Amino acid sequence: MAANMNVSISGNLSARSPPTENINPDIAEERANANFDPIELTYTLDGGQERTERRQYLEDQALSDPAFKDPEDIAFMSEEQRHTNSIRKAIHMVRKMQELELTNHMDMHWFRVAVHKVEEVPLGLHATMFSHAIYSQMSEEQHEKWLEAAFSYTLIGTYAQTEIGHGTFLRGLETTATYDPTTQEFELHSPTLTSMKWWPGNLGKTATHAIVAAQLYTGGSKKGVHMFMVPLRSLETHLPHPGVELGDIGPKFGYGNIDNGFLRFNHFRIPRENMCMRYSKVLPDGRYVPPPHAKVSYGSMVPIRSGIVGNTGSFLSRGCTIATRYSVVRRQSELVPGTKEAKILDYQSQQLKIFPNIAAAYAFIYTGQEMMKTYFASLAEMNEGNFSSLPELHATSAGLKAFTSTVSASGLEELRMSCGGHGFSKASGFPELYGTAAPASTYEGENTVMFLQTARYLMKLARQTKSGDQPVGCAAYLRANLSPRCSVRQQSDFLNRDVLVDAYKHRAKSVVMLAARRINEAVKKGQSQPIAWNNCHLYLVKAAAAHCHLYTVESFFDGLNSAELSPPARDALSTLCYLYAIHGISQNKGDLLQDGYLTGVQIDLLERQLIDLLAVIRPIAVTLVDAFDVPDQMLSSVLGRYDGNVYENLYKWAKAAPLNRKEIPDAYKYIGPFLKENIAKSKL
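The present account deals with the structure reproduced in this document. (Residues numbered from 1 in each chain as written. Predicted model: local features only at pLDDT ≥ 70, side-chain atom pairs only at ≥ 80, totals over all residues. Heavy atoms only, no water.)

## As for the packing of aromatic side chains
So the rule is basically this: The aromatic pairing rule takes the rings of Phe, Tyr and Trp, using the six-membered ring of Trp, and pairs them if the centres are within 6.5 Å, calling planes under 30 degrees apart stacked, those over 60 edge-to-face and the rest tilted. Strands here mean DSSP runs of E at least two residues long; helices mean DSSP runs of H or I at least four residues long; both are numbered from the N terminus. Each residue's exposure class comes from its accessible area (1.4 Å probe, protein chains only) as a fraction of the maximum for that residue type: buried when under 20%, exposed when over 50%, partly exposed otherwise. Here, over-ring charges are defined by two tests on the NZ atom of lysine or the CZ atom of arginine: distance to the ring centre within 6 Å, and angle to the ring normal within 35 degrees.
Scanning the entire structure with this criterion turns up 13 aromatic pairs. Their ring planes at 40 degrees and their centres at 5.0 Å tell us that Phe76 and Trp653 sit as a pair that is tilted. With a gap of 577 residues between them, Phe76 in the loop between α3 (49-63) and α4 (79-99) and Trp653 in helix α21 (residues 646-655) connect regions that are remote in the sequence. With a relative accessible area of 13%, Phe76 lands in the buried category. Overall, the relative accessible area of 19% leaves Trp653 in the buried class. Ring pairs connect the aromatic residues Tyr179, Phe186 and Phe228, which therefore count as one cluster. A cation sits over an aromatic face here: Arg31 above Tyr642, 3.6 Å from the ring centre.

This is the structure in structure tokens:
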């Protein structure tokens, strides 16, 4: 099968039909409410019908292959069983992708996700950061050796940057790479306990090679952090090379199938040619050639952070699917005394937990698409030697990664709680889903630090604006002559794109300029710039978040405007878009009240409109999450089953639990004597 994204696999792939028999009548009733086909929205979320068809085809290829089936529910496996099973599937996955001739990035991503469902993808760093670092940081000559090796899996790679004592602060990394011109080798060394690499996926027991971030020393001077290709294990025996110590870091909050590892070097030597030398290099005699741009090494981080944005929407969409479907099957209490127990989704409080998260999932998926478009456009410019877009791209990707992953993690927890006690069970799918999604708040840059990186860029633009320069790009609002007051007079005025976007622009500009003023005030009082910066984190983080919130709202509206939909489907997507924007203003109304942009009366009108939108979404909520098009096998949730048959399958799942495989548990060797002892005492 060709890897061309434009290949149409079949005519209408709403053809991958969900089950139609034995459907819970409560959930069937919900689907009958919608006057549009969810596949319309699926097409827009995927970026077009052909992409949906391609994704569904690849998912079906994975889900129908018996080699990808787990021997039992992963919740019932030990850590080692999960790791072994996960690697087994990953290796078969590589072979299957080669058989299908998958070379397109999205093809491979869809296939990997279908194979591993809710688990983190093993060998994922090989396919992403390791391979991308080779592509973006190595020279054309180096590509010939290492890209082919990565693509053919004649080695297994990971990306080793974070250390046990240093993470996001790259300049503080302690691992050293010292050049020896007499042998033309770099000597890798971990000089302190805190310098050992810690956390890279598949480093513990799987990877044979790593792209390692280390402080470069040559000619007796330090040149900063650079990347190096380092062999870790013998390709014959899989034993670590002499001078390399590595292993697994132990159980974690999530990622139960991944061998995250530690790595320590003891004067380990690699050839000079193993330095990533696309932009900077060390010549044979030890002379250093610097990169053309100080931040060019961030190129391997930007696409990963951009991809995280869309992934957060995917994670959140799964949580929304589970919570929404369960909320129309679960009935509790009499909404009206004397009537049948109500579906819990009929309660407005439940709608307030779930519907804004559905809207956010859609928003993040569209924002992820926009971010990747921007990245590829900038990459084309950088390949031509133009690095002018890199600062904005780096700042935007960092902030959006932080903004979306923060919202996604808190949203998944809210959705889990919306499912009551059953949401606490691993049968719900939430524990595994949250454990897979939540680490995005810390990997590839801890979120607060990422917000502060975005804020640093915004403060630079704020200073330029005051000096007469005109910011462009996604921060152009800083030069806009925005109205100081909102013009809304009636509730329906908030159903206007310009009104909502203007409010977000006003908030972003207001909090960005406030942060700049607070820093200037602190400096004028005698504080040094670093201390003033530290004492203004409250304002700076808020400024970055407001900037990213605006970007997300605009991306959602742009996605809506470009979508080809029937009128009913467009109305549904439009309602979600307005809900996302209005709910965001409601959540951050303090900023807009503080400077007088909105009045208390206008906030009341806004929140009344929010309530009205909940009522519009309520009848079509199940159809909106059906449009995420996550098959039951990938959702891995008893509560979120497409057929809504929750209780009988929850019982079946519990019966299969390991503790139920024997009537008398091993713990009875303690229970039995304890009971008999107490019974004997009671007879005395």
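After presenting the structure, the write-up continues.
## Some details on the side chain of Thr575
The following threshold applies: Residue contacts are defined here by distance: any two heavy atoms, one from each residue, within 4.5 Å place the two residues in contact.
Residue placement: Thr575 occurs in helix α16 (residues 567-587). A relative accessible area of 12% places Thr575 in the buried class. Once residues lying within four places of it in the same chain are set aside, the contact partners of Thr575 are Leu613, Val616 and Ile617.

## Section: helix α12 (residues 447-466)
This is how it is decided: To estimate how far a helix should reach, multiply one less than its number of residues by 1.5 Å. Whenever two N or O atoms come within 3.5 Å, that pair is a polar contact, provided that in protein one can donate a hydrogen and the other can accept it, and provided that, for residues adjacent in sequence, both atoms are side-chain atoms.
The terminal C-alpha atoms of α12, which comprises 20 residues, lie 29 Å apart, in line with the 28 Å expected from a rise of 1.5 Å per residue. Turning to α12, its buried residues are Asn447, Met450, Phe451, Leu452, Thr454, Ala455, Tyr457, Leu458, Met459, Leu461, Ala462 and Thr465. Between the side-chain oxygen of the N-cap and the backbone nitrogen of Thr448 there are 3.0 Å, and the N-cap of α12 in question is Glu446.

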